[in-house]
Amino acid sequence: MNLDHLNQQLNENKSLFIGEETAFRAAVLIPLVELDEEWHVLFEVRSLTMRKQPGDISFPGGRIDATDASPMAAALRETNEELGVDPKMITMIGQLSPYVASPSFVVYPFVATIDYDQTIHSYNKDEVEEVFTIPVEWLLNYEPYMHLVSVQPAPSSTFPFEKIMNGDQYQWRAHSMEEWFFEYGKYTVWGLTARILKHFIEIIK
C-alpha cells in the first residue's frame, strides 16, 4: 500500500457521510417569490390523490435520478415538473447544508427565486393541490414549536442474534427525533419541510 496514493484518494473521494452513495438521495428547492415588494417562501400542498403523503405541505423536489447531472439539476427538474417553471427562469441563490435524515436518506436543499405570477397558473394539478406563500418577515418573527418522536430499533426476525454479545437481550439504543411545526393560518408546515425551513430561517437571522 502506497501511503501517498492513499492520502490522495482520501482527499479526492470524500462523500458527505459513509453510505451516501447507496442512500435514498433527494433534492428540494426553497422557492422565493416577490409579492407586493416583499419576499415570501412558496410552498406546495401535495395533491389529495397522491399515493404518498397526500395533502402534506412541501417544497418542490424529489428523488435524484441517475440521469440528473447533480442534486441541483434534480431540484430544477422537479420544480419544473411540479410547478411548471422553466429552469431557465429560475435564479439560483445558493445551497443549504444537506439534511441527513438517516444513514439511508439525505436531502440536498437549494434556494432560488421564481416568478409567482407564472407559478400560480402553471403548477401541475396532478401533483399539486395548491400553492401558497408565507412572508419571510413573518417567518423571522415566528417561533416554531417542537415535539419529540421516540424511535426504537426493531431488528428483523432473521437478525443473527447469535453473532452478537447478549444475543436477543442486546440493549438497542433508542433515540428521539425532533419534529418542528410552523402554523400559518390554515396551514401547518411540519416534518422534513419544517426542519429545512427552520434551518433556512436561522441562516437569514
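You'll find the structure just up there.
Below you will find a few notes about this structure. Quantities reported herein were computed from a predicted structural model and do not represent experimental measurements.

**Concerning the packing of aromatic side chains**
For the structure shown, the criterion picks out twelve aromatic pairs. Plain terms: the ring middles of Tyr-170 and Trp-172 are 5.0 Å apart, the flat faces sit at 70° to each other, and that makes the pair edge-to-face. Classification of Tyr-170 by relative accessible area gives partly exposed; the value is 38%. Ring centres of Phe-181 and Trp-190 lie 5.9 Å apart, and the angle between their planes is 5°; on these two criteria the pair is classed as stacked. Through a chain of ring-to-ring contacts, three or more aromatic side chains come together here, namely Phe-43, Phe-59, Phe-132 and Tyr-187. Sitting over the face of the ring of Tyr-123, Lys-125 holds its NZ or CZ atom 4.5 Å from the ring centroid. In this structure, Lys-198 is placed above the aromatic ring of Trp-180, and the distance from its NZ or CZ to the ring centre is 4.4 Å.

So, how was this worked out
Position numbers for residues count from 1 along each chain, tracking the sequence in the order it is written. Under the rules for a predicted model, residues below a pLDDT of 70 receive no local features and side-chain atom pairs below 80 are neither given nor counted, while totals for whole chains, interfaces and linings still include all residues. Side-chain metrics rest on all non-hydrogen atoms present in the structure, leaving aside hydrogens and water. Only rings of Phe, Tyr and Trp enter the pairing, Trp through its six-membered ring, and a pair is recorded when the two centres are within 6.5 Å. The plane angle decides the type: under 30 degrees is stacked, over 60 is edge-to-face, the rest tilted. For every residue, the accessible area (1.4 Å probe, protein chains only) is compared with the maximum for its type, and the residue is labelled buried under 20%, exposed over 50%, or partly exposed between those bounds. Our definition puts a charge over a ring when NZ of Lys or CZ of Arg is within 6 Å of the ring centre and also within 35 degrees of the ring normal.

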